[in-house]
Amino acid sequence: MGMEVVVGMLIAWAAGKARRAGRGLNGVTDRALELTTQRLWDVVEAKLGTDPAIQRLVSESQQNGDPTPSARTRAETALQDAADHDPRFAAALEAIVSSQEGGDGTTAATKGPSSSVQAGGAAITGPTFGNIKANTKIVNKVVQNPLISVITIVVVLGAAFFGIRAFTASSGGEEKSGSAAMVGNWKTSGSSSPKVFGEDGRCSGFYYDNGAPLDIGGPMTCTMSSTPDADDRYTLVVTQSPNEATYKVAFDTADHAQVYSSTGQKIYEIDRF
């Protein structure tokens, strides 16, 4: 099963939830669609609710309505990895996504104003936005008003589900490490010097000694565990030869984390920018 479909439905759930909290939908949104995406989120949350990739996807969807390609890819990888190791989880996802399919391979979506929308190569026409066929993968962004964007994403994903090839076990395998969640530029409050975590493992600003940053010169490398410990903290190892130190990282959101010493003492908080 292509996890692009699941990610698209999670985006629809998160974006719709944020909008409803702000101003409501005036009864336009199909209740059945809301229930389906909510059911999908309940399953994903139970399995991966604390996963940084899923948290980042939800956060960006709620804030912007459409997450970055990087957030999508990492969420797909996290979902695929979990499904590969948990057949029940994989079956639950497929059952929910398949419930959006019509008997003839088409998808009937929610009722709304009569119009025509082009999305991902699929023409969606008529008062019900129904009976569509999509010949290409869902595009990253549907340029419509917010309500129709959410509806279009779910409709096209449902119709394209059986046409999307499943990810192989090796797809995205290089990014299953927890290090992927740290890639980027970070800053601490009260400091103008950024902390950088590169995709190749090179980093800067992450070595601390007695609660203060220390840089003796020379290359610095960082690695992080792929799974958190019982306290939901990832293990971060920073090396700048001959020095090496181990820290613990706890994500509050995809772009905010708290860093602790190996003994559990909080050292600093960081924000991605």
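None of these values were measured; they are calculated from a predicted model.

Here's the deal with empty space enclosed by the protein
- What the rule picks out here adds up to two cavities of 30 Å³ or more.
- In this model, the second largest cavity occupies a volume close to 60 Å³.
- For the second largest cavity, the full set of lining residues is P52, A53, R56, A71, R74, A181, A254 and R272.
- Residue contributions to the lining of the second largest cavity peak at three residues, all from helix α3 (residues 52-64).
- Residues belonging to the lining of the second largest cavity are distributed by class as follows: five nonpolar, no polar and three charged.

Describing the nonpolar core
- Counting residues in hydrophobic clusters, the biggest one holds 24 residues, and the most contacted among them are V6, L10, L40, V44, I54 and L79.
- Secondary-structure elements contributing two or more residues to this core are α1 (3-23), α2 (31-48), α3, α4 (69-85) and α5 (87-98).
- If you tally residues by element for this core, the top one is α1, at nine residues.
- Excluding residues within four positions of it along the chain, V44 makes contact with L10, G49, I54, L79, F89 and L93.
- Core analysis: the second largest hydrophobic core is formed by 23 residues, M182, W186, F197 and Y247 among them.

Comments concerning the sheet that holds strand β5 (residues 202-204)
- As summarised here, the arrangement of the eight strands in space is β3-β4-β5-β8-β9-β10-β11-β12, forming a closed barrel in which the pairing is antiparallel. Here the strands of the sheet are splayed against their neighbours by 35° on average, with no regard to which way each runs.

A short note on unusual backbone geometry
- Cis geometry is adopted by the peptide bond preceding P242, which originates at S241 and carries an omega value of 5°.
- In this fold, P242 is placed in the loop between β9 (234-240) and β10 (243-253).
- Non-glycine residue N210 carries a positive phi angle of around 55°.
- On the basis of relative accessible area, N210 is assigned to the exposed category, the value being 79%.

Thoughts on α4
- In this model, α4 (17 residues) spans 25 Å end to end at C-alpha, consistent with the 24 Å of a helix rising 1.5 Å per residue.
- Along α4, the positions that sit buried rather than exposed are A71, R72, R74, A75, E76, T77, A78, L79, Q80, A82 and A83.

Quick word on the environment of M220
- One can find M220 in strand β8 (residues 220-224).
- Its relative accessible area of 4% is what places M220 among the buried residues.
- Note: C-alpha distance between M220 and G205 (15 residues apart in sequence) is 8.6 Å.
- In this structure M220 touches G201, R202, C203, S204, G205, F206, Y207, L214, D215, V238, T239 and Q240, once residues within four positions along its chain are discounted.

Some points on the packing of α3 against α4
- Viewed as axis vectors pointing N to C, α3 and α4 meet at an angle of 140°, and their least axial separation amounts to 8 Å. Regarding the angle of α3 to α4, the classification is oblique. Between α3 and α4 lies a crossing of left-handed hand. Contact residues: α3 offers A53, I54, R56, L57 and E60, while α4 offers S70, A71, R72, R74, A75, A78 and L79.
- Residue composition of the contact of α3 with α4, grouped by class: seven nonpolar, one polar and four charged.

Here is what the cut-offs are and how they apply
Every chain begins its residue count from 1, and numbering advances along the sequence as written. Per-residue local features are limited, in this predicted model, to residues with pLDDT of at least 70; the limit for side-chain atom pairs, both in listing and counting, is 80 or more; totals at the level of whole chains, interfaces and linings are taken over all residues. As a convention, hydrogens and water are excluded, and side-chain values are obtained from all of the structure's heavy atoms. Think of a 1 Å grid over the protein atoms and nothing else: a 1.4 Å probe that fits but is trapped marks a cavity, an open set flanked by protein within 12 Å on at least five of seven lines marks a pocket, and residues with an atom within 4 Å of a point count as lining. Grid points are joined across faces, edges and corners, and a volume is the space filled by probe spheres set on the points. Only DSSP runs of H or I reaching four residues or more are called helices, and only runs of E reaching two or more are called strands; each is numbered from the N terminus. Note on residue categories: nonpolar means Ala, Val, Leu, Ile, Met, Phe, Trp, Tyr, Cys or Pro, charged means Asp, Glu, Lys or Arg, and polar means any other residue, Gly included. Take the buried residues of types Ala, Val, Leu, Ile, Met, Phe, Trp, Tyr and Cys, join any two whose side-chain atoms come within 4.5 Å, and each joined set is a nonpolar core. Relative accessibility decides the category of a residue: with a 1.4 Å probe and only protein chains considered, values under 20% of the type maximum give buried, values over 50% give exposed, and everything between is partly exposed. By the convention used here, residues are in contact when the closest approach between their heavy atoms is within 4.5 Å. For two strands to be treated as a pair, DSSP must find at least two bridges joining them. Between the N-to-C directions of two axes lies an angle of 0 to 180 degrees, each axis being a line fitted to C-alpha atoms and, for a helix, fitted only over the stretch in contact. Helices are assigned an expected span. That span is 1.5 Å times one less than the residue count. Orientation labels follow simple angle bins: below 35 degrees gives roughly parallel, above 145 gives roughly antiparallel, 65 to 115 gives roughly perpendicular, and whatever is left gives oblique. Crossing handedness is defined as follows: a turn of the near helix away from the far one that is anticlockwise and smaller than a right angle gives a left-handed crossing, while the clockwise case is right-handed.

Honestly, that's just the spatial picture; any functional story needs more than this.
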